[in-house]
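Commentary on secondary and tertiary structure
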Amino acid sequence: MLDVCGVAMNYRLIIINNCLRVRLLCRNCSYNLYVRMKNDPIGVALQDYLAGTEDAEIIVESNLAEDDVIPVQYLFRKEEEMPEMELLALENCRGQVLDVGAGSGCHALALQRQKISVTALDKSAGAVEAMQRQGVEHVLHKDLFDIQGAKYDTLLMLMNGIGIAGTLAGLERFLEHAKQLLKSGGQILLESSDILYMFEEEDGSVTLDLNAGYYGEVKYNMKYKDQESGWFNWLFIDPAILEDYATEHGYTFVMLQQGDAGNYLAKLSLP
Ligand SMILES: C[S@@+](CC[C@H](N)C(=O)[O-])C[C@H]1O[C@@H](n2cnc3c(N)ncnc32)[C@H](O)[C@@H]1O
């Protein structure tokens, strides 16, 4: 690449606060070129909410159902607004906790208030900034699958958090990766749902396309203003299959609570 002054250039790519910074360098000069990335709908929506847009909504497209919305306000829920199942998960947290896919940091803040040591992890730059602005003390801006070296007693995965695994194959990868992140005797507290009811016909029968893979492997695309995540996999898993996979990978499965919409809170423990 040649500069305007005709000298060969190098370039460096840096991502800061969801901006791609391209730094062009030559012997005589350097330019910074900022390109705003548009793939962080959750992060930008969280920022907008903090700036006063209280009715912000994230649009959720899926391959299963009509478009849905996530009211951003819900992501900022206080303890008194949290479902009983989430409060039970918080009660079960022990030792050093990693809040995986922490979003606005609502659970991390609740644990912090209880003097429980917690690190809030999110791959969204906007979410990380929102958590810092709200006073979450330990925040990690990373993809869960890129973390290495750190060891925790509890991985907390709420709001169908195990969905991050994406697919059944991804679940196997996750269960192995989690062993690197957990101390011995460590635990994963996770929420998921059995979504078989979504395939029920009016007469109560269930129609499944057996060539389409596991019915809980869903595809989502999230949108907020000019931001779009792009299609990604999200896993909903029925508890019996989760127990099989967990046991196969050396975890003990305990059901902590079941809700009335197929949703549940489970604990997977390592010896
Ligand atoms: C639906 S939000 C849930 C936020 C929060 N746990 C709650 O209950 O309000 C899911 C979050 O997970 C984050 N996330 C998704 N995949 C991730 C990954 N592989 N590593 C880290 N964070 C991830 C997203 O950026 C998003 O903020």
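Residues numbered from 1 in each chain as written. Predicted model: local features only at pLDDT ≥ 70, side-chain atom pairs only at ≥ 80, totals over all residues.

**Focus on the packing of helix H1 (residues 41-50) against helix H5 (residues 125-134)**
In contact at an axis separation of 6 Å, H1 and H5 are set at 30 degrees when each is read in the N-to-C sense. As far as their axial angle goes, H5 and H1 are roughly parallel. Relative to H5, H1 is oriented so that their crossing is left-handed. Mapping the contact onto sequence places Ile42, Gly43, Val44, Leu46, Gln47 and Leu50 in H1 and Ala125, Gly126, Ala127, Glu129, Ala130 and Arg133 in H5. Class assignment for the residues of the contact of H1 with H5 results in 7 nonpolar, 3 polar and 2 charged. (Axes fitted to C-alpha atoms, helices over the stretch in contact; angles between N-to-C directions. Helix = DSSP H or I, 4+ residues; strand = E, 2+ residues; numbered from the N terminus. Parallel < 35°, antiparallel > 145°, perpendicular 65-115°, else oblique. Left-handed = near helix turned anticlockwise from the far one by under 90°. Contact = placed C-beta atoms within 7 Å. Nonpolar A, V, L, I, M, F, W, Y, C, P; charged D, E, K, R; others polar.)

**A closer look at the sheet that holds strand E7 (residues 118-122)**
The mixed open sheet is built from 7 strands, whose spatial order is E8-E7-E6-E9-E10-E15-E14. The open sheet has two edge strands, strand E8 (139-141) and strand E14 (252-258), and neither has a second partner. Across the sheet, the axes of successive neighbouring strands diverge by a mean angle of 20 degrees, strand direction being ignored. By the bridge criterion, 3 bridges tie strand E6 (residues 97-100) to strand E9 (residues 152-157) in an arrangement that is parallel. Across the sheet, the residue bridging to Asp99 is Leu156, located in E9. Where H5 meets the sheet, its contacts fall on E7 and E8, and the angle it forms with E8 comes to roughly 165 degrees. The sheet strands contacting helix H6 (residues 168-181) are E6, E9 and strand E10 (182-193), and the helix crosses E10 at an angle near 140 degrees. (Pairing = 2+ DSSP bridges.)

**Structural notes on H1**
Within H1, 7 of the 10 residues are buried, which leaves the element mostly enclosed by the surrounding structure. Turning to H1, its buried residues number three or more, namely Pro41, Ile42, Gly43, Val44, Ala45, Leu46 and Gln47. Tucked inside the fold, the buried residues of H1 contact strand E4 (57-62), helix H2 (72-75), H5, strand E11 (217-224) and strand E12 (227-228). In the stretch just after H1, Gly52 is the one whose phi turns positive, near 115 degrees. (Buried ≥ 20, exposed ≤ 12 C-beta atoms within 10 Å, placed from the backbone.)

**A short note on unusual backbone geometry**
Although it is not a glycine, Met159 adopts a positive phi angle of roughly 60 degrees. Look at Met159 and you get partly exposed, because 16 C-beta atoms sit within 10 Å. Non-glycine residue Lys225 carries a positive phi angle of around 50 degrees. By secondary structure assignment, the location of Lys225 is in the loop between E11 and E12. The exposure class assigned to Lys225 is partly exposed, which follows from the 14 C-beta atoms found within 10 Å.

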